[in-house]
Amino acid sequence: MGRRPGPRGPRIAPILIPRPVPPQSARLRLRLTAAAETAVRSGHPWVYSDKIREQNRAGLAGELAVIYDRNDRFLAIGLFDPHSPLVVRILHRGNPVTLTPEWWRDRFKAAFDRRSPHFGPETNGFRLINGESDGFPGLVLDRYAGCLVLKLYTPSWIPCLDPGPNSPATLGGLRIIPLLQELLAPDRVVLRVSRNLSPFQAQLPCTDGANLLGHDSAPSVIFLEDGLRFESDVVQGQKTGFFLDQRDNRRRIGSLAGGGDVLNVFSFSGGFSVHAARGGARSVTDLDISPHALASARRNFDLNRNLPTVARASHHQVQADAFEWLARAPREAFDTVILDPPSMAKRESERAGAIQAYHRLTRLGLDRVRNGGLLLAASCSAHVSESEFYDAVRAALRAAGRRWTELETTAHAPDHHASFPEARYLKGFYARIG
Ligand code: SAH
């Protein structure tokens with residue numbers, strides 16, 4: 001996401017890649033600083049390179065590192081990447097284990113089972129594996145109907161992609177595609193790789209956006225979210241093609257926007273808009289800078305026009321820079337305004353500017369909300385904390401001098417569950433105005 005920060009590490013220098021470690025090599029053994037040891041023991045999945053205190057030999061990208069504590073007891077194993085400042089991503093901590101295909105099968109099943117209580121047949125687009133938080137550092141797996149999209153943020157998994165029976169086994173014999181076939185029987189698996197993997201193109205079994213499994217190469221896949229039909233651009237779209245993390249907020253807007261006029265700022269493929277229309281909104285206006293996003297939102301509206309409320313809602317689109325459009329006349333007002341911008345702080349140095357931008361955006365959005373209306377302000381900037389974001393929104397609301405009531409704050413949908421602070425990037429703030 002560009003927009004949603006995936007579980008990725010900083011940029012990786014161009015190098016040659018994960019290869020199986022020669023069997024004669026001694027296991028890569030590490031010891032960490034006391035603070036890093038404590039963090040890993042308490043479940044944090046990242047070790048930065050300046051936290052390594054001892055290392056028995058140079059390690060190769062993609063090999064397993066074993067971390068011992070200060071008393072020489074096993075602490076954890078992780079994926080090693082000497083070319084990233086995030087040098088180890090923890091796979092397992094606690095008692096020593098031997099990675100085997102069965103161990104991996106259990107780990108995949110645990111991630112899938114975690115989702116199954118949340119989704120019935122009316123939602124077949126959701127996240128199956130959320131990186132570190134599910135024990136798969138730097139790996140995301142999203143489902144769109146019968147199509148899976150596997151997105152990699154670290155090169156460590158590349159050797160596990162080749163489904164050939166004679167390819168060398170790494171990471172305890174993990175072969176991702178046969179395992180997905182066995183557990184999920186997908187029609188298609190698409191590979192997506194984050195931009196920081198471009199130096200590893202030559203090692204990939206196929207190009208970004210191509211199929212690891214299946215012959216259907218259609219650029220988009222139709223799936224269901226709460227019974228609504230949406231397309232996901234699985235081949236080229238941002239992230240894996242759709243912002244699944246906002247599902248619960250879209251559902252809330254669907255239940256709150258009935259009868260009124262809705263402005264969906266940073267509308268992308270119109271997810272909030274279609275939910276609002278089904279919920280009985282009189283009119284829905286998409287505002288996005290990208291013509292491509294607006295065209296996708298039109299298609300998503302059309303996919304749901306068989307529903308009477310969607311057919312009745314009048315659908316408008318504005319292609320503009322959100323800040324400029326909101327700040328200028330004519331000052332049309334709405335009953336619901338949704339502000340869901342792209343990440344404003346992709347790095348720590350951008351944090352202060354992002355907080356100011358959220359303040360300004362809230363103020364501009366608020367000016368478009370009628371009395372009695374609803375404002376949803378969202379942030380997906382990992383470098384802006386919950387309290388920093390909520391405080392910026394509250395300060396902007398106070399500064400406007402209108403009456404407002406805070407309704408609730410929200411986070412990711414449960415398929416994006418987050419096991420450590422850096423993974424909790426999505427924040428939502430609902431306010432009733434006037
Ligand atoms: N709310 C959407 C996701 C938004 S993604 C959903 O639920 O799916 C962010 C969107 O903001 C993208 O579509 C991008 O094209 C758009 N965008 C980025 N900068 C913008 C700007 N300055 N003005 C308007 N839209 C912008």
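Parameters at a glance
- Residues numbered from 1 in each chain as written.
- Predicted model: local features only at pLDDT ≥ 70, side-chain atom pairs only at ≥ 80, totals over all residues.
- Heavy atoms only, no water.
- Buried < 20%, exposed > 50% of the residue type's maximum accessible area, 1.4 Å probe, protein only.
- Helix = DSSP H or I, 4+ residues; strand = E, 2+ residues; numbered from the N terminus.
- Domains from an automatic or database assignment.
- Contact = heavy atoms within 4.5 Å.
- Buried area = accessible area lost by both parts, 1.4 Å probe.
- Salt bridge = Lys/Arg side-chain N within 4 Å of Asp/Glu carboxyl O.
- Nonpolar A, V, L, I, M, F, W, Y, C, P; charged D, E, K, R; others polar.
- Core = buried A, V, L, I, M, F, W, Y, C linked by side-chain atoms within 4.5 Å.
- Near = heavy atom within 4 Å.
- Polar contact = N/O pair within 3.5 Å; in protein donor to acceptor, adjacent residues only side chain to side chain.
- Areas by Shrake-Rupley, 256 points an atom, 1.4 Å probe, with all protein chains shown as cover.
- Pairing = 2+ DSSP bridges.
- pLDDT = per-residue confidence, 0-100.
- Disulfide = S-S within 2.5 Å.
- Axes fitted to C-alpha atoms, helices over the stretch in contact; angles between N-to-C directions.

Q: Describe helix 5 (residues 271-278), naming the residues involved and giving the relevant values.
A: Within helix 5, seven of the eight residues are buried, leaving the element largely enclosed by the surrounding structure. Gly271, Phe272, Ser273, Val274, His275, Ala276 and Ala277 are the residues of helix 5 that are buried. Phi turns positive one or two residues past the end of helix 5, at Gly280, with a value near 100 degrees.

Q: How would you explain the domain arrangement of the protein if you had to name every residue and give the values?
A: Here the protein is partitioned into domain 1 (26-93), domain 2 (101-221) and domain 3 (243-433). Placing the centre of domain 2 and that of domain 3 at their C-alpha centroids yields a distance of 30 Å. With 14 residues of domain 2 in contact, the opposing surface of domain 3 contributes ten residues. Together, the buried faces of domain 2 and domain 3 total about 940 Å²; carbon and sulfur atoms form 56% of this surface. Between domain 2 and domain 3 we count zero salt bridges in total. When residues in the side of domain 2 that touches domain 3 are grouped by element, the largest group, four residues, is from strand 7 (residues 125-130). Considering only residue class, the side of domain 2 that touches domain 3 consists of three nonpolar, five polar and six charged.

Q: How would you summarise the pattern of salt bridges if you had to cite specific residues and measurements?
A: Oppositely charged side chains can pair when the atoms bearing their charge come close. Enumeration according to the criterion identifies 33 salt bridges in this entry. Across the salt bridge formed by Lys109 and Asp113, the nearest N and O atoms sit 3.6 Å from each other. Taken together, the positions of Lys109 and Asp113, both in helix 2 (residues 101-115) and four residues apart, correspond to about one turn of that helix.

Q: Which residues make up the nonpolar core, and what values go with them?
A: In globular proteins that are soluble, nonpolar side chains generally tend to be buried together. Counting 42 residues, the largest nonpolar core has Trp104, Phe108, Leu150, Leu152, Trp157 and Ile176 as its most contacted members. For this core, the element with the highest residue contribution is helix 2, accounting for five residues. Each of two domains, domain 1 (26-93) and domain 2 (101-221), supplies a minimum of three residues to this core. Listed in part, the 32 residues of the second largest apolar core include Leu339, Ala357, Ala377 and Leu397.

Q: Help me get a handle on the site of the ligand, residues and values and all.
A: The environment of the ligand is formed by 15 residues, the closest being Arg250, Asp288, Asp321, Ala322 and Asp340. Asp288 is positioned with one of its side-chain polar atoms (N or O) 2.6 Å from an oxygen atom of the ligand. At 3.1 Å, a backbone N or O of Ile289 approaches a nitrogen atom of the ligand. Protein coverage of the free-state accessible area of the ligand, which is 590 Å², stands at 90%. Looking at the shell around the ligand, its residues break down into nine nonpolar, one polar and five charged.

Q: Any chance you could break down the pairing of strand 12 (residues 220-225) for me, citing the residues and the numbers?
A: With burial as the criterion, only one face of strand 12 is covered, namely that bearing Val221, Phe223 and Glu225; the residues Ser220, Ile222 and Leu224 on the opposite face remain uncovered. Sheet topology note: the strand 12/strand 13 (residues 228-233) ladder contains six bridges and is antiparallel. Counted as the bridge partner of Phe223 is Phe230 from strand 13.

Q: An account of the environment of Ser25 is needed here, citing residue identities and associated values.
A: Residue placement: Ser25 occurs in the segment before strand 1 (28-32). Residue classification places Ser25 among the partly exposed positions, given a relative accessible area of 29%. Taking the C-alpha atoms as reference points, Ser25 and Asp50, 25 residues apart in sequence, are found 24 Å from one another.

Q: Tell me what's going on with the confidence of the model for the protein, and back it up with residues and numbers.
A: Averaged over every residue, the pLDDT of the protein is 92; residues scoring 70 or more account for 92%. Contacts from residues 1-17, a stretch scored under 50 in pLDDT, to residues over four places away or in other chains number 64 contacts.

Q: Please give an account of the environment of Arg70 that cites residues and values.
A: Here Arg70 is to be found in the loop between strand 4 (64-68) and strand 5 (74-80). Taking the C-alpha atoms as reference, Arg70 lies 7.9 Å from Ala34; in sequence the two are 36 residues apart. Setting aside anything within four residues of it in sequence, one finds Arg70 in contact with Ala34, Glu37 and Thr38. For Arg70, the side chain forms a polar contact with the side chain of Glu37, separated by 3.0 Å.

Q: Give me the state of the cysteines: which residues, what numbers.
A: Per the stated rule, a full pass over the model turns up zero disulfides. Cys147 supplies the cysteine sulfur nearest to Cys206, a cysteine that is in no disulfide, at a spacing of 12 Å.

Q: A description of the sheet that holds strand 11 (residues 211-213) should follow, citing residues and the corresponding values.
A: An order of 7-8-9-10-11 is seen for the five strands of this open sheet, with the pairing classed as mixed. Lying at the two open borders of the sheet, with one neighbouring strand each, are strand 7 and strand 11. Direction aside, the axes of adjacent strands within the sheet are offset by 25 degrees on average.

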